[in-house]
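Survey of secondary and tertiary structure
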Amino acid sequence: MKTRVKEPVLSWGFDDADESEDWEMLCDELSGLISFNEDKTWYGTVSNFGWRNQDGEARFNAENGQELLRHILPETDCCFKIYIEGTEDDTVINIQNYHHDSPVGNEWYEVLPAKACIYCGDILKKEEQHKDKEGNILCEYHKDETMAEA
Ligand SMILES: [Zn+2]
């Protein structure tokens, strides 16, 4: 059964011949692939996994690949495949995770680049972002605030 047509850009723990066997190298490669997001803020959702009582979504800062994986993956031995599609703000990072509670790999994470409100710092996914005239990112609340001032 194939769930994705595309091949993963990175994978870990499957003993493939061409797979990186060095965790730091894998993290470095991922760092390069996600470096387009200068804000370093991310919005993630998970399917088929209770994400630390956060209802399947998380908003977090990750400067590099290692931090991103640390935020996403459960603290257990994992095998995973990383798929990256799209470019820049439209990039979608999908991670299929396998571990003892998820042996068939039906645990999927989706991570999207996000931006923070310049006033309150809340991390906003794309649909939640508003922009002022200067192109600054504002949340729903501060959007109204700045309009009132104008
Ligand atoms: Zn705000």
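This report concerns the structure included in the present document. For every chain, the first residue of the written sequence is number 1, and numbering continues from 1 along that sequence. Predicted model: local features are reported for residues with pLDDT of at least 70 only, side-chain atom pairs are reported and counted for 80 or more only, and whole-chain, interface and lining totals are derived from all residues.

1. Re the nonpolar core
Counting residues in each nonpolar core, the largest one holds 26 residues, and the members touching the most others are Leu30, Trp42, Leu68, Ile72, Ile82, Ile95 and Val111. Secondary structure elements are defined from DSSP: runs of H or I of at least 4 residues count as helices, runs of E of at least 2 residues count as strands, and each element is numbered from the N terminus. Those elements that provide at least two residues to this core are β1 (10-12), α1 (23-34), β2 (41-47), α2 (65-72), β4 (79-85), β5 (92-99), β6 (102-116) and β9 (137-138). No other element matches α1, which puts 4 residues into this core. Two domains each provide a minimum of three residues to this core, namely domain 1 (10-115) and domain 2 (117-150). Contacts of Val111, omitting those with residues within four sequence positions, involve Trp42, Gly44, Leu68, Ile72 and Ile93. By convention the nonpolar core is taken to be a set of buried residues drawn from Ala, Val, Leu, Ile, Met, Phe, Trp, Tyr and Cys and joined through C-beta atoms within 7 Å. Residues with at least 20 neighbouring C-beta atoms inside 10 Å of their own are called buried, those with 12 or fewer are called exposed, and the rest are partly exposed, where every C-beta is derived from the backbone. For every domain, the bounds stem from an assignment made automatically or drawn from a database. Residues are defined as contacting one another if the C-beta atoms placed from their backbone atoms lie within 7 Å.

2. A closer look at α2
Within the sequence span of α2, burial applies to Gly65, Leu68, Leu69 and Ile72. Across the axial projection of α2, the buried residues extend over an arc of 95°, all falling on one side. Contacts from the buried residues of α2 go to α1, β2, β5 and β6. Regarding the arc, it is the one traced by the directions from the helix axis to the C-beta atoms.

3. Focus: unusual backbone geometry
Phi is positive for Lys40, which is not a glycine, with a value near 60°. With respect to the helices and strands, Lys40 occurs in the loop between α1 and β2. With 17 C-beta atoms counted inside 10 Å, the residue Lys40 sits in the partly exposed group. For Glu88, which is not a glycine, the phi torsion comes out positive at approximately 45°. Relative to the assigned elements, Glu88 resides in the loop between β4 and β5.

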